[in-house]
Amino acid sequence: MLNIPLMQNNIDKDDVNILVDFLKSSDRFTNGPKVREFEEAWSKWLGGGYYCVFVNSGSSANYITMTALKERYGDGEIIVPPIGWTSDIASVITAGFKPVFADVNLHNLAINVNEIESKITDNTRAVLLTHVLGYNGLSDKIIDICKNKNITLIEDACESHGAVFRGKKCGSFGDISNFSFYYAHHMSTIEGGMICTKDKEMYRLMRMIRSHGMLRECDDESYMAEIAKKYPEVHPEFLFTVPGFNMRSTELNAVIGLNQLKRLDANVEKRRKNYDLFINKLDGSKYYTEFAHEGNSNYAFVVMPHASVTGLYDRMIQGFRDENVEFRRGTAGGGNMARQPYIRKRYPHINPADYPNAEYIHENGVYIGNYPDLPKEKIEGLCEMLNSL
Ligand SMILES: Cc1ncc(COP(=O)(O)O)c(C=O)c1O
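Numbering of residues starts from 1 in every chain and runs along the sequence as written. Local features in this predicted model are restricted to residues of pLDDT 70 or higher, and side-chain atom pairs are both shown and tallied only at a pLDDT of 80 or more, whereas totals for entire chains, interfaces and linings draw on every residue. The basis for the side-chain values is all heavy atoms of the structure; hydrogens and waters are excluded.

A closer look at the packing of helix H10 (residues 312–322) against helix H13 (residues 376–387)
Keep this limit in mind: Axis definition: a line fit to C-alpha positions, over the contact stretch in the case of helices; interaxial angles, taken between N-to-C directions, run 0 to 180 degrees. Segments assigned H or I by DSSP are reported as helices when at least four residues long, segments assigned E as strands when at least two residues long, and all are numbered from the N terminus. Working rule for angles: under 35 degrees goes down as roughly parallel, over 145 as roughly antiparallel, 65 to 115 as roughly perpendicular, anything else as oblique. Helix crossings fall into two classes, left-handed where the near helix is turned counterclockwise from the far one by less than a right angle and right-handed where it is turned clockwise. By definition, residues are in contact when any of their heavy atoms lie within 4.5 Å. Gly counts as polar in this scheme, as do all residues outside two lists: the nonpolar Ala, Val, Leu, Ile, Met, Phe, Trp, Tyr, Cys and Pro, and the charged Asp, Glu, Lys and Arg.
Between H10 and H13, the shortest axis-to-axis distance is 10 Å and the interhelical angle comes to 140°. One way to sum up the angle between H10 and H13 is to call them oblique. Seen along the crossing, H10 lies across H13 with a hand that is right-handed. Side by side, H10 and H13 meet where Met 316, Gly 319 and Phe 320 of the first sit next to Leu 382, Met 385 and Leu 386 of the second. In the contact of H10 with H13, the residues fall into five nonpolar, one polar and no charged.

Following this line, the structure appears as structure tokens:
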């Protein structure tokens, strides 16, 4: 039996020991200096010069991003992919924007640039590009379109830490980028997320939204003074500028993040090697293998049998079950998001079939786990099993 679980615990003994030492020696555990240190370390890892906001999940990063955009732009539309994660879309809806789906590519599972172009209207406020399961989803054209049309580009890199485009990390191109540190991802703070931007106004907004919308959280003395002066009837220490949340994380999560960050790049490399082995061994006559290769950072293997090979999908599912290989159908987020009840209920005019690539991925794609210590023999065994079906 292959016995391949979807994920492996990546909080190791060293993380635990460092956390215990911190607990014994510290007297502040909620959002404080360790959070700040982790935010600075993350900015450096991403390439430097970013304002980073550590939050309690990648979804919170999505929600804060959309709430900040709403505060800045008011109403409008956000172009989103039907393949990604539910909070990519749910955050758009709860912030009061209209989600506009644009179909994805098969080769990187990311939103297609021509589809984006065809969906842009005068009301488009942003494009949310999700880097799916470690594939870089960026292209020069996407970046140029957003720049030329003055549309905010958001990169959701929640499941693609360390993926690279043109030699720079994904998450460093957009006006805003979001990361998740959920347990299953490339690195973990158990739960956690990071928002990154170089836009100071956005940063101020995001910090306030993270903490109830409170002015004193904005990290900008002169802005605080300016706003406090404008509202003399409100006590400045309890001045709420935006409808916010409490989406802060803790010092404990930041301590783990700081330690995990030390091994992130090495783990990305190991995952890359695993992926290369996997994709090179997989039989391209049975499975889709034309995925984009450059700059990938896959924490999962996507397996997509050609629909033209009769019965292969069912045999693959049975093969996974027989060999105790954990899998998720539909790839990221369960496949075509336009099929989900919360979309159908709110937007009955949205037809899932209008996104044929997302439909194809929904029907044919699955993913399985790829983690740094996955043995070579298991990857080879997995490919042998799949190729024999
Ligand atoms: C693309 C994407 N965005 C957002 C999220 C949300 O992250 P979290 O699970 O930390 O809330 C995920 C989670 O898996 C994700 O894959």
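Considering the site of the ligand
As a reminder of what qualifies: By convention in this text, a residue qualifies as near a molecule or strand provided that one of its non-hydrogen atoms is within 4 Å of it. Residues adjacent in sequence count toward polar contacts only when both atoms are side-chain atoms; beyond that, a polar contact is any pair of N or O atoms within 3.5 Å, and within protein one must be able to donate a hydrogen and the other to accept it.
If you check the shell around the ligand, you find 15 residues, and the closest are Gly 58, Ser 59, Asp 156, Glu 159 and Ser 180. Between Glu 159 and the ligand, the recorded distance is 2.4 Å, taken from a side-chain N or O atom to an oxygen atom. Here Ser 180 contributes a side-chain N or O atom positioned 2.7 Å from an oxygen atom of the ligand. Put simply, the parts of the chain that give the shell around the ligand at least two residues each are helix H3 (58–73) and helix H4 (86–95). With three residues, H3 is the largest single contributor of residues to the shell around the ligand. Here the shell around the ligand is composed, by residue class, of three nonpolar, nine polar and three charged.

Considering the side chain of Ser 211
You can see Ser 211 is positioned in the loop between helix H7 (200–210) and helix H8 (221–230). A distance of 3.1 Å separates a polar atom in the side chain of Ser 211 from a polar atom in the side chain of Arg 248. Ignoring anything within four residues of it in the chain, the contact list for Ser 211 reads Glu 217, Phe 245 and Arg 248.

Re the nonpolar core
Soluble globular proteins: nonpolar side chains tend toward being buried together. Defined as follows: Take the buried residues of types Ala, Val, Leu, Ile, Met, Phe, Trp, Tyr and Cys, join any two whose side-chain atoms come within 4.5 Å, and each joined set is a nonpolar core. Accessibility here uses a 1.4 Å probe with only protein chains present; expressed as a share of the type maximum, an area under 20% marks a residue as buried, one over 50% as exposed, and anything in between as partly exposed. Bear in mind that the domain bounds are from an automatic or database domain assignment.
The biggest cluster of nonpolar side chains holds 83 residues, and the ones touching the most others in it are Phe 320, Leu 382 and Leu 386. Here the element with the most residues in this core is H7; it accounts for six residues. Residue assignment places this core across two domains, with domain 1 (13–255) and domain 2 (264–387) each supplying three or more. Discounting chain neighbours no more than four positions away, the residues touching Leu 382 are Leu 2, Ile 4, Phe 278, Phe 301, Phe 320, Val 325 and Ile 368.

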